[in-house]
Amino acid sequence: MKSALKSFLFCLLIIVLLSSCNKEKPIAPYGALPSDHQYEWQQLEYYMFVHFGPNTFTDVEWGDGKEDPKVFNPTDLDCRQWASTAKAAGMKGIIITAKHHDGFCLWPSKFSTHTVRESLWKGGKGDLLKELSDACKEYGLKFGVYLSPWDQNHPAYGTPEYNQIFANTLNEVLSGYGEVFEQWFDGANGEGHNGKKQVYDWDLFHETVYRNQPQAIIFSDVGPGCRWMGNERGIAGETNWATMNIEGFEPGRNAPPIKILNSGEQGGKAWVPAETDVSIRPGWFYSPSTDDKVKTVEELMDIYYTSVGRNSNLLLNVPPDRRGRIHPVDSLRLMEFRRAIEEEFKENLIKGAKLSSSDTRTGYTVSNMQDDDYETYWSSDENNLSPSIEVDFKEEKTFNRLLLQEYLPLGQRVSSFSVSYWDKNKNDWQLLTEATTIGYKRILRFPLVTTNKIKIEFKALAAPVISSIGVYKAKEQLSAPSVERDKSGLVTIKCKTPDPVIYYSTDGTEPTINSLRYEKTFIQKGAGTIKAIAVIDKGNTKSNIVTMDYDIAPEKWKIVSPSGEEVGRVIDSNAHTYIYIADKKPLIIDLNENLILKGFTYVPLGRMDAPNIYRYNFYVSDDGIEWLKVKDNATFNNIKNNPVIQSIAFDKEVRARYIKLTPIELVKESDKYAISEIEVITR
Ligand code: FUL
């Protein structure tokens, strides 16, 4: 009996031991990790930014805080229309510019005299934050707020008292409108060398946020919730770590270098994932002049791949118009964008495939990457940092997209991976593509390939933990045409998609298949608008329409000063060429005829690290001797973060033959300044 009991117990022990060997061991997390709130936030992927305020009505990107609050007067404001548009677009929330750099508050703040209360809207009785937060609740959207610490209106700005005032303002917003998922702190400050200096009390601001909204993700150049990814063009780094070292850094001037914001840091001590903020229009605020400059679906898809497809959330700005509604062009484009995403990712070819791996950790099987559950994943043995997986489609498949997701609660682990396909003619693997980080989501685009299997080889800092794989055949979008005009007025229209038929108009009307058909270059020397559309399938598939506004072609212009061979580049109608001018020497141009001028445009060098002009004077003259100053100590707003064409209107028209641009201050210290193009506005 005794020995029977003994052998029974022995067997039991063996069974327990064996089963514990087979049981999945929890995977130890690696490196910095997301908080629960950050993990939730990263799964939002896509939400709306709304820039709205006095600038919507004054047509500037940065108001100076001196504008009459009465300019803010939307005639038909409807936050429910914003929310329903965001919802229909597939977005998960809305972040509103509650207070931009002009200090104007979209709610009747007790701590400011520059608010909706002082405006004409609803007789001063309106509260936009209330209307928008209610609309977000109704449509099941998250609600977030942008508040600019830089405030050009508040009299206390630049004094130590301002910090407490800003904290009170924050407190008011964060305690008054229900749950806030994200608090956006803008690091921008255009005060310049001689402007007001404010030392911000970030600890106080953060404490105010978390006291009211413990779950809120704080956005800034350095988080701590999420980080700016370093540009306003929608392009996160190809390498994009959610980890970064933030100690010793601050938003704004003391932020880490742009390159680091763009790509994060491998092994960084803090978890600060990237958010990509970009506008659907050229500027952040609405302007009637950009109604025909809304980004095309193709441009938006590119942004999708360089943001969501690169481990970043996408915060897409859709600025309401002067009625206080999202303009029909923008909302239509948002719906087209949603449809394009859904079409590209309609069918995941991984579903019927057979997966295998070079190494699988017990309990973390490869099929976990095939289910739709992000919480289940495959992993290799703890010590295997370079495992591979193979996908056998069982038959030939054709595709051009690969999607991978790491399981973030265990840390970001993969530092690079390569993808090969089986070439049946060569009877061997061929390299398809390579990439670095994965993170929450990584999507690779490559030319169509037909094969029956692929292999993915990882290199990781700790055994990879992969939640999902997607393989898709995306229909290539029909590209919108591009229109270019040279110095002499010769217009060329091209299209990336091979062999479409292109139609165009030169009178501002929408081109259709009954418009002029583009067959060869043509001349347009004077001011005018050229619109073009590409069509295929006998007109059944149409691209978005592209609009180019031109002024007088600079054919006969001459640079008076400075001299040199290369100076002509600033009037060659080619935005890809540029010059540097030393010592802030003025640029003087002879237009060769007297013109009625309404303003001018400056195309800076399109790089954020370029010494572009920030503050300037602008003069005109009849004879090149006596000058009239038409812009005094003016600034190109937001040119540092968004170095795009600047269109500047004069206060009144002037007749002149010569123009002169004199830089006063550059976006960064430099002994030379950069110019790509200068043109005049006569229309
Ligand atoms: C920048 C600001 O200066 C722009 O006006 C805009 O609000 C953008 C989102 O952030 O820093």
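Rules used throughout
Residues numbered from 1 in each chain as written. Predicted model: local features only at pLDDT ≥ 70, side-chain atom pairs only at ≥ 80, totals over all residues. Heavy atoms only, no water. Helix = DSSP H or I, 4+ residues; strand = E, 2+ residues; numbered from the N terminus. Rg over C-alpha atoms; globule rule 2.2 N^0.38 Å. Buried < 20%, exposed > 50% of the residue type's maximum accessible area, 1.4 Å probe, protein only. Contact = heavy atoms within 4.5 Å. Areas by Shrake-Rupley, 256 points an atom, 1.4 Å probe, with all protein chains shown as cover. Pairing = 2+ DSSP bridges. Axes fitted to C-alpha atoms, helices over the stretch in contact; angles between N-to-C directions. Phe/Tyr/Trp six-rings, centres within 6.5 Å; stacked < 30°, edge-to-face > 60°. Near = heavy atom within 4 Å. Polar contact = N/O pair within 3.5 Å; in protein donor to acceptor, adjacent residues only side chain to side chain. Nonpolar A, V, L, I, M, F, W, Y, C, P; charged D, E, K, R; others polar. Domains from an automatic or database assignment. Core = buried A, V, L, I, M, F, W, Y, C linked by side-chain atoms within 4.5 Å. Parallel < 35°, antiparallel > 145°, perpendicular 65-115°, else oblique. Left-handed = near helix turned anticlockwise from the far one by under 90°. Expected span 1.5 Å × (residues − 1). Salt bridge = Lys/Arg side-chain N within 4 Å of Asp/Glu carboxyl O.

**Student:** What am I meant to see in the overall build of the protein chain here?
**Tutor:** For the protein chain, the count of helices and strands is 10 helices and 33 strands. In terms of overall size, the protein chain behaves like a compact globule, its C-alpha atoms giving a radius of gyration of 28 Å where 683 residues would be expected to give roughly 26 Å. Seen through its C-alpha atoms, the protein chain measures out along the principal axes to roughly 120 × 65 × 50 Å. The buried share among the 683 residues of the protein chain stands at 56%. Taking all contacts inside the protein chain whose residues are at least 6 apart in sequence as the whole, residues at least 24 apart take part in 75%. Roughly 30000 Å² of accessible area belongs to the protein chain as shown, and the carbon and sulfur atoms make up 51% of that amount.

**Student:** Is there a simple way to think about the sheet that holds strand β3 (residues 142-147) in this case?
**Tutor:** Strand pairing in a sheet takes place through backbone hydrogen bonds and is either antiparallel or parallel in direction. Spatial strand order, β1-β2-β3-β4-β5-β6-β9-β10: eight strands in a closed barrel with parallel pairing. Each neighbouring strand pair of the sheet contributes to a mean axis angle of 25°, computed without reference to strand direction. Taken together, the six bridges between strand β2 (residues 93-99) and β3 define a ladder with parallel strand orientation. Each bridged residue has a counterpart across the sheet, and for lysine 99 the counterpart in β3 is leucine 147.

**Student:** Just to check I follow, could you spell out the packing of aromatic side chains for this structure?
**Tutor:** Describing an aromatic ring pair means giving the distance of the ring centres and the angle of the ring planes. Evaluated as defined, the whole model comprises 51 aromatic pairs. Centroid distance phenylalanine 600 to phenylalanine 636: 6.2 Å. Interplanar angle 70°. Geometry classified as edge-to-face. Separated by 36 residues along the polypeptide, phenylalanine 600 in strand β28 (residues 587-603) and phenylalanine 636 in the loop between β30 (628-635) and β31 (646-666) bring together distant segments of the chain. Each member of the pair, phenylalanine 600 as well as phenylalanine 636, carries the same accessibility label: buried.

**Student:** Whenever I open this one, the site of the ligand confuses me. Can you help?
**Tutor:** In the vicinity of the ligand lie 14 residues, with His51, Trp62, His100, His101 and Asp186 positioned nearest. Within the side chain of tryptophan 62, a nitrogen or oxygen atom sits 3.0 Å from an oxygen atom of the ligand. Between asparagine 641 and the ligand, the recorded distance is 3.5 Å, taken from a side-chain N or O atom to an oxygen atom. Protein chains bury 98% of the 290 Å² of accessible surface belonging to the ligand in isolation. Taken together, the residues of the shell around the ligand break down into six nonpolar, five polar and three charged.

**Student:** Explain the domain arrangement of the protein chain here, please?
**Tutor:** A common measure of how large an interface is: the accessible area buried when the components associate. On domain assignment, one finds that the protein chain holds domain 1 (36-344), domain 2 (354-472), domain 3 (482-550) and domain 4 (558-681). Between domain 3 and domain 4, the C-alpha centre-to-centre distance is 29 Å.

**Student:** Would you explain the nonpolar core in this entry?
**Tutor:** The nonpolar side chains of soluble globular proteins are, as a tendency, buried together. Within the largest apolar cluster, 111 residues are counted, with the highest numbers of intra-cluster contacts made by Trp82, Ile94, Ile96, Leu128, Leu316 and Leu597. Setting aside residues up to four positions removed in sequence, leucine 597 forms contacts with Leu591, Val620, Phe650, Lys652, Glu653, Val654, Ala656, Ile659, Val680, Ile681 and Thr682. Core analysis: the second largest hydrophobic core is formed by 29 residues, Leu355, Ala435, Phe446 and Val449 among them.

**Student:** Help me understand helix α7 (residues 202-212) in this model?
**Tutor:** Residues lying three or four places apart along an α-helix face the same way, a consequence of the helix completing one turn every 3.6 residues. When we look at burial in α7, the residues that qualify are Trp202, Leu204, Phe205, His206, Thr208 and Val209. On the buried face of α7, the contacting elements are α6 (161-176), β4 (182-185) and β5 (217-220).

**Student:** Explanation requested: the pairing of strand β10 (residues 312-317) in the structure shown.
**Tutor:** Strand residues, when the strand is regular, have side chains that alternate between the two faces of the sheet. Taken across its six residues, β10 has six buried, putting it largely inside the fold. Alternating residues of β10 divide into Ser312, Leu314 and Leu316 and Asn313, Leu315 and Asn317, and every residue in both groups is buried. In this sheet, β10 lies alongside strand β1 (residues 46-50) in parallel orientation, the contact comprising four bridges. For methionine 48, the partnering residue across the bridge sits in β10 and is leucine 316. Bridge analysis of strand β9 (residues 274-279) against β10 gives six bridges, and the strand direction is parallel.

**Student:** Honestly, the packing of helix α4 (residues 79-88) against helix α10 (residues 328-344) in this entry has me stumped. Any pointers?
**Tutor:** When two helices pack together, their arrangement is captured by the angle between the axes and the distance separating the axes. Where α4 contacts α10, the axes come no closer than 9 Å and their chain directions differ by 20°. The angle between α4 and α10 places the two elements in the roughly parallel class. Contact residues: Thr85, Lys87 and Ala88 in α4; Ser331, Leu334, Met335 and Arg338 in α10. Within the contact of α4 with α10, the residues separate by chemical class into three nonpolar, two polar and two charged.

**Student:** Before we go on, may I ask you to explain the packing of helix α9 (residues 297-306) against α10 in this structure?
**Tutor:** Put simply, α9 and α10 touch, their axes get as near as 9 Å, and they point 55° apart. One way to sum up the angle between α9 and α10 is to call them oblique. Once α9 is placed against α10, the crossing between them reads as right-handed. Contacts between α9 and α10 involve Val297, Leu300, Met301, Tyr304 and Tyr305 on the former and, on the latter, Arg333, Glu336, Phe337, Ala340, Ile341 and Glu344. In terms of residue class, the contact of α9 with α10 is made up of eight nonpolar, no polar and three charged.

**Student:** Even after reading the chapter, I still don't get unusual backbone geometry, so can you show me in this structure?
**Tutor:** Excluding glycine, residues mostly carry a negative phi; peptide bonds, for their part, are mostly trans. Glycine 223 connects to proline 224 through a cis peptide bond whose omega is 15°. Within the secondary structure layout, proline 224 lies in the loop between β5 and β6 (226-228). In this structure, proline 562 follows serine 561 across a cis peptide bond, with omega equal to -5°. Tracing the backbone shows proline 562 in the loop between β26 (558-561) and β27 (579-582). Look at aspartate 59: it is not a glycine, yet its phi comes out positive at around 65°.

**Student:** I tried to follow α6 on my own but got confused; where do I start?
**Tutor:** Between its first and last C-alpha atoms α6 spans 23 Å; for 16 residues at 1.5 Å apiece the expected length is 22 Å, and the two agree. For α6, every residue scored as buried is listed here: Tyr162, Asn163, Ile165, Phe166, Ala167, Thr169, Leu170, Glu172, Val173 and Leu174. Looking at the packing, one finds that the buried side of α6 touches β2, α5 (128-138), β3, β4 and α7.

**Student:** Honestly, the sheet that holds strand β22 (residues 522-523) in this entry has me stumped. Any pointers?
**Tutor:** Strand order across the open sheet formed by three strands is β18-β19-β22, with antiparallel pairing between neighbours. The outermost strands of the open sheet, each flanked by one partner alone, are β18 (482-485) and β22. The sheet contact formed by strand β19 (residues 490-494) and β22 spans two bridges and is antiparallel. Paired with leucine 490 across the bridge in β22 is isoleucine 523.

**Student:** I'm lost on the pattern of salt bridges in this one. Help?
**Tutor:** A pair can form between side chains of opposite charge whenever their charged atoms are brought close. Here the structure, examined in full by the defined rule, presents 36 salt bridges. Taking the shortest distance from any N to any O, the salt bridge between lysine 453 and glutamate 390 comes out at 4.0 Å. Here lysine 453, found in strand β16 (residues 442-460), pairs with glutamate 390, found in strand β13 (residues 388-406); they are 63 residues apart in sequence, far enough to count as distant. A salt bridge links aspartate 632 to lysine 629; the shortest N-O distance between them is 3.1 Å. Given a relative accessible area of 38%, lysine 629 falls into the partly exposed group.

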